[in-house]
Amino acid sequence: SDTNAEGLRNLMASFPLSEGSYYYQGQWSMIDQMFVTGPRERIASLQAQLLRVSFLLVPDTGHLCERPFRQGYRYQGGFSDHLPVFVDIR
């Protein structure tokens, strides 16, 4: 179940393993978590979503894919080494 004994609901529990919010050495991982509590009817979406838009990504030519727009330990105009996760709450 995605709800524990204290009523916390993990909105990342059913997130596809093939996707992720964090990129490291050519692999995406879902290390970001989002928990909510309260009546289910107040939560419009019972699953968190990943914001994967082009302006947050740059090509990773070493791995032939895209990665978040950031560069090592020096800021070069990017946003973060994680993609944003969000949930729709009424």
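Residues numbered from 1 in each chain as written. Predicted model: local features only at pLDDT ≥ 70, side-chain atom pairs only at ≥ 80, totals over all residues. Heavy atoms only, no water.

*Asks:* Explain the overall build of the chain here, please?
*Replies:* The helix and strand inventory of the chain stands at zero helices and eight strands. For the chain, the sequential pattern of α-helices and β-strands runs β-β-β-β-β-β-β-β. Within the chain, contacts between residues separated by at least 24 positions form 61% of all contacts whose residues are at least 6 apart in sequence. Accessible surface for the chain amounts to roughly 6300 Å². Of this, 54% is attributable to carbon and sulfur atoms. (Helix = DSSP H or I, 4+ residues; strand = E, 2+ residues; numbered from the N terminus. Contact = heavy atoms within 4.5 Å. Areas by Shrake-Rupley, 256 points an atom, 1.4 Å probe, with all protein chains shown as cover.)

*Asks:* It is not clear to me how the side chain of Asp32 should be interpreted in this structure. Could you clarify?
*Replies:* Among the secondary structure elements, Asp32 is positioned in the loop between β3 (27–29) and β4 (35–36). Among the polar contacts listed, one links the side chain of Asp32 to the side chain of Ser21, at a separation of 2.3 Å. Look past the residues within four positions of Asp32 in its chain and what remains in contact with it is Met12, Ser21, His82, Leu83 and Val85. (Polar contact = N/O pair within 3.5 Å; in protein donor to acceptor, adjacent residues only side chain to side chain.)

*Asks:* Whenever I open this one, unusual backbone geometry confuses me. Can you help?
*Replies:* Only a minority of non-glycine residues have a phi that is not negative, and only a minority of peptide bonds are not trans. In this structure, Gln25 is a non-glycine residue whose phi angle is positive, near 50°. Summarising the element assignment, Gln25 is placed in the loop between β2 (22–24) and β3. Exposure remark for Gln25: the relative accessible area of 59% places this residue in the exposed category. (Buried < 20%, exposed > 50% of the residue type's maximum accessible area, 1.4 Å probe, protein only.)

*Asks:* Explain the confidence of the model for the chain here, please?
*Replies:* Caution is warranted with low-pLDDT regions, since their predicted coordinates should not be read in detail. Taken as a whole, the chain shows an average pLDDT of 75; of its residues, 71% reach a score of 70 or greater. By mean pLDDT, the top-scoring element of the chain is strand β6 (residues 57–60) (84), and the lowest-scoring one is strand β7 (residues 65–68) (80). (pLDDT = per-residue confidence, 0-100.)

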